[in-house]
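Chain residues, written in single-letter form:
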Amino acid sequence: MIRTENLTKVYRMGEVEVQALRDVNLEIQDGEFIAIAGPSGSGKSTLLNMIGCLDKPTSGAVFIDDIDTGKLSENKLAEIRREKIGFIFQQFNLIHTLNALENVALPMFFAGVGRETRLKRAEELLAKVGLGDRVDHKPSELSGGEQQRMAIARALSNDPEIIIGDEPTGNVDTEAGNAIMDLLEGLNREGRTIIVVTHDAEIAARAGRTKRMRDGKVLD
Amino acid sequence: MRDEFLMAYRSIKERKGRSILTVLGIAVGIAAIVSLMSVGYGMEEAITGELTKMADMISVIPGEISGHGGYVEKGGFTDRDVNDLQRIWGIKDISAMVYGAAEVEYRNKRLPIFVLGGDTKELGGFYVEPVGLKEGRWLRENDYKGCVIGDRVANDFFDEVIHVNDKLIINGDKFIVVGIFEKASTLYAADVDPHIFLTLRISQDVLQTEEIKYIMVRVYDIDEAEEIAEEIEETINDNHGLDDFANAMTMGSALEQIGTVFNIIRVVLVCIAAIALVVASIGIMNTMLMSVMERTHEIGVMKAIGAKNRDVLSLFLLETSVVSLLGGVAGCGLGWGMAILISFVVEMASGIEIAAIPKPGVFLGGIAVAMIVGVLSGFYPARKASKMSPVEAVRYG
Ligand SMILES: Nc1ncnc2c1ncn2[C@@H]1O[C@H](COP(=O)(O)OP(=O)(O)OP(=O)(O)O)[C@@H](O)[C@H]1O
Ligand SMILES: [Mg+2]
């Protein structure tokens, strides 16, 4: 279970303060598929980054399985990002010098998984997202939709319970977007918690629950 | 570990252009150090090497060296002085020399030129061996009408170039040029290039003197040189009834006198090394900082998918080590090439022979500098990037 408690994030740029999140209280059950929608600048990405342990809150807390992530060491946080969470970015954020297989295997490399196992599993994951024939392609040699599927395979690398996607379909066309949503739905059926930010009402409709945000607040 | 190496290899290979630039940036810095140091050592060697070759020498001159480096002449030595020296124990050989200006005529042009006469074998050992002859042969004891001339006498002094078998008139007597010296290196240039060489007897005739102006003594054991020098002075002073007539100077003491010169060379060398080091370090730091900094985004991504700071740092440490090592090795090669080029250009331009000297210490030092500066200046931005939150780093670039 994921739970935020008065989660607040303030960005300070010189004199100017931006309240990206204001006292957000949100509970996400294990195995849930939740969509987060809202206008640009409402704090959706900021919320996902906090939940995904990619950034630290200004105040308040994020609990993952009742562990207060704010109290964890850097190394422990890295471990949670590696083992518990798979993060999918709108910009894919693949390592462009590595091929598909290596990109997907990278989180396992950091987890200390042996080379053989790593590459074998990476191959399976690529097959699972429909890129079985693209293992030795560089990200730049693939379409946006394919790159995002590669990123999904990478997110699955260490078999995480939670998949977080920040507008995973934002940079691909409708068809590729649907394929990505199909994949996420499949992952949800496997029992994983899925949290996605989307602008697209149609895509949001495929989630079990949709939460709307405005001005750093989650609306009821 | 093998996996890390594979990652480093991939990263360097896939970023070929950038990697080559980084390696080159490091190599140029290291090349500056290696070339300057190699030439610097060559310079030191050129000066000390030739001097130490003469360490067994004692120069005996009539007169004294005054306090401020001047020299007061007091006439000349006699044949008796030379004969008496032969009785001193520990002397390998003795060479008497005469010198003085003479009027020399070649193809209707007359010039005053310095004439140097001495035992042909001794003189030969002293000048022909190190300098070498370009044409003809060296003097023999029975060369009553033969002379050997220096490079400038042959090529510069007269309107026409002098060759072997050309005739010169020295103080009214006809001589045939039997040999011509090569252009001498710096140390010998003043002694050989502008002079005409004759046998001792003939030069005494030509200069119309019985006196000997200079005696050169070689000893068997350099450690005894000082003692022998004192004995030489006593023997000659006795002959002339004066107590400070002869001045015998060992090369050792001459070396001491110019010891300050060596110290200056050392200081110059150290300065050169220091400047090269600073220049190299700034260059290396710059390229390395840039190449790692532009990968902040990549570091952010790695952290976002679960890399610990330690994981990121060890990857970058390994990669920068490999790049630095390549840069260091390439820099050594490049620097050595530059050193050879510099010594070639210096010789072409000035005739001064300074051979670049390949010192292992210089190469190892160059590689060490590349590694230390390269890895440290790669480590700094990598650490900075890894300290950022993943979001912050990913935003970058
Ligand atoms: N690193 C930052 N520094 C300063 N302000 C920031 C930073 N990141 C986000 N913000 C601000 O925080 C607010 C929320 O940003 P956030 O990215 O969470 O919005 P979003 O809902 O994801 O918007 P979008 O739909 O455009 O992605 C915005 O006003 C944004 O300008
Ligand atoms: Mg956003």
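What you are looking at is a predicted structure, and each value in this text was computed from that prediction instead of being measured.

Section: the overall build of chain B
Counting its regular elements, chain B contains 14 helices and 11 strands. What you see for chain B is a C-alpha radius of gyration of 32 Å, clearly larger than the 21 Å of a compact globule of 397 residues, by over 25%. Each of the three principal axes of chain B carries a C-alpha extent, and together these read 100 × 50 × 35 Å. Across chain B, the fraction of contacts at a sequence separation of at least 24, relative to all contacts at a separation of at least 6, is 77%. Accessible surface for chain B amounts to roughly 19,300 Å². Of this, 59% is attributable to carbon and sulfur atoms. Here chain B holds 36 positive side-chain charges and 53 negative ones, and the gap between their average locations is 16 Å.

A closer look at the confidence of the model for chain B
Residue and element names in this part refer to chain B. Taken over all residues, the pLDDT of chain B has a mean of 87, while the share at 70 or more is 94%. When pLDDT is averaged over each helix and strand of chain B, the minimum, 60, is found for strand β2 (residues 71–73) and the maximum, 95, for helix α11 (residues 296–304). Scoring of the predicted complex yields 0.73 for pTM and 0.95 for ipTM.

As for the environment of V115 of chain B
All names here are of chain B. When you line up the elements, V115 lands in strand β4 (residues 109–118). Taking the C-alpha atoms as reference points, V115 and V104, 11 residues apart in sequence, are found 9.5 Å from one another. Beyond its immediate chain neighbours, meaning those up to four positions away, V115 contacts V98, Y99, G100, A102, I170, I196, L198, S203 and L207.

Regarding the site of ligand 1
Around ligand 1, 15 residues are found, and the nearest of them are S40, K44, S45 and T46 of chain A together with R395 of chain B. Flanking ligand 1 are residues from chains A and B. Taking S45 of chain A, its side chain carries an N or O atom lying 2.7 Å from an oxygen atom of ligand 1. One nitrogen or oxygen atom from the side chain of R395 of chain B is found 2.7 Å from a nitrogen atom belonging to ligand 1. For ligand 1, whose free accessible area comes to 630 Å², the fraction covered by protein is 72%. Taken together, the elements giving at least two residues each to the shell around ligand 1 come down to β1 (2–13), β2 (16–28) and α1 (44–51) of chain A. Taken together, the residues of the shell around ligand 1 break down into 5 nonpolar, 7 polar and 3 charged.

With respect to the packing of helix α1 (residues 2–14) of chain B against helix α12 (residues 309–350) of chain B
All names here are of chain B. Closest axis-to-axis distance for the α1/α12 pair is 9 Å, and the angle between their directions is 60°. In this view, α1 runs oblique relative to α12, as classed from their interaxial angle. Crossing of α1 over α12 shows right-handed handedness. The segment α1 lies against α12, with E4, F5, M7, A8, S11 and I12 engaging L315, L318, E319, V322 and V323. By residue class, the composition of the contact of α1 with α12 is 8 nonpolar, 1 polar and 2 charged.

Details of the domain arrangement of chain B
A common way to express how large an interface is: the accessible area buried when the components associate. Domain annotation for chain B reports domain 1 (2–50 + 256–396) and domain 2 (56–251). When each unit is reduced to the centre of its C-alpha atoms, the spacing between domain 1 of chain B and domain 2 of chain B is 52 Å.

Topic: the nonpolar core
Side chains of a nonpolar character, in soluble globular proteins, are inclined to be buried together. By size, the foremost hydrophobic cluster in this structure holds 49 residues, and its most contacted members are L47, L106, F110, I164 and I195 of chain A together with M302 of chain B. Ranked by size, the runner-up nonpolar core spans 45 residues in total, among them A154, F158, I170 and V206 of chain B.

Here we look at a negative patch on the surface
All names here are of chain B. The grouping of E226, E227, E230, E231, E234 and D238 at the surface amounts to a negative patch. When you line up the elements, E226 lands in helix α8 (residues 225–240). Accessibility expressed as a relative area gives 44% for E226, which makes it partly exposed.

A look at the pattern of salt bridges
Residues and elements named next belong to chain A. Applying the stated criterion across every chain, the model contains 40 salt bridges over all chains. R12 is the partner of E17 in a salt bridge, and the nearest nitrogen-oxygen pair spans 2.8 Å. Under the relative-accessibility criterion, E17 is labelled partly exposed at 45%. The exposure class assigned to R12 is exposed, which follows from its relative accessible area of 57%.

What about the interface of chain B and chain A?
Contact residues are listed per partner, giving 26 residues for chain B and 24 residues for chain A. Interface of chain B and chain A: buried area, both sides summed, is about 2,400 Å²; carbon and sulfur atoms make up 60% of it. For chain B, the biggest contributors to the area lost against chain A are R10, I305 and K308 of chain B; these three give 25% of the whole. Run the count over chain B and chain A and you get 3 salt bridges. The partner of E102 of chain A in a salt bridge is R10 of chain B, with the nearest N and O atoms 2.6 Å apart. Our count for the chain B to chain A interface comes out at 5 residue pairs in polar contact (both at pLDDT 80 or more).

Structural notes on the side chain of N103 of chain A
Mapped onto the fold, N103 of chain A is located in helix α3 (residues 100–110). Not counting chain neighbours up to four residues away, the residues in contact with N103 of chain A comprise L94, I95, L98, P139, M150 and R154 of chain A.

A few points about the sheet that holds strand β7 (residues 162–166) of chain A
Residue and element names in this part refer to chain A. Taken in spatial order, the 6 strands of this open sheet run β6-β7-β8-β3-β9-β10, and their pairing is mixed. Taken across any chain shown, the strands that pair with only one partner, and hence form the sheet edges, are β6 (85–88) and β10 (217–218). Relative to β10, strand β9 (residues 209–214) runs antiparallel, the two sharing 2 bridges. Of the residues in β10, the one forming a bridge with R214 is K217.

Regarding helix α4 (residues 115–128) of chain A
Residues and elements named next belong to chain A. In this model, α4 (14 residues) spans 20 Å end to end at C-alpha, consistent with the 20 Å of a helix rising 1.5 Å per residue. Of all the positions in α4, only R118, A122, L125 and L126 are classed as buried. Axial view of α4: buried residues confined to an arc of 100°, hence all on one face. Across from the buried face of α4, at angles greater than 90 degrees, the exposed residues are E116, T117 and K120. Remark: G130 follows α4 within two positions and exhibits a positive phi of approximately 80°.

So, how was this worked out
Residues numbered from 1 in each chain as written. Chains lettered and ligands numbered in written order. Predicted model: local features only at pLDDT ≥ 70, side-chain atom pairs only at ≥ 80, totals over all residues. Heavy atoms only, no water. Helix = DSSP H or I, 4+ residues; strand = E, 2+ residues; numbered from the N terminus. Rg over C-alpha atoms; globule rule 2.2 N^0.38 Å. Contact = heavy atoms within 4.5 Å. Areas by Shrake-Rupley, 256 points an atom, 1.4 Å probe, with all protein chains shown as cover. Lys, Arg positive; Asp, Glu negative; His and termini not counted. Charge placed at Lys NZ, Arg CZ, Asp CG, Glu CD. pLDDT = per-residue confidence, 0-100. Near = heavy atom within 4 Å. Polar contact = N/O pair within 3.5 Å; in protein donor to acceptor, adjacent residues only side chain to side chain. Nonpolar A, V, L, I, M, F, W, Y, C, P; charged D, E, K, R; others polar. Axes fitted to C-alpha atoms, helices over the stretch in contact; angles between N-to-C directions. Parallel < 35°, antiparallel > 145°, perpendicular 65-115°, else oblique. Left-handed = near helix turned anticlockwise from the far one by under 90°. Domains from an automatic or database assignment. Core = buried A, V, L, I, M, F, W, Y, C linked by side-chain atoms within 4.5 Å. Buried < 20%, exposed > 50% of the residue type's maximum accessible area, 1.4 Å probe, protein only. Patch = residues over 30% accessible without salt bridge, like charges linked within 9 Å, V, L, I, M, F, W, Y side chains within 5 Å. Salt bridge = Lys/Arg side-chain N within 4 Å of Asp/Glu carboxyl O. Buried area = accessible area lost by both parts, 1.4 Å probe. Pairing = 2+ DSSP bridges. Expected span 1.5 Å × (residues − 1). Arc of directions from axis to C-beta.

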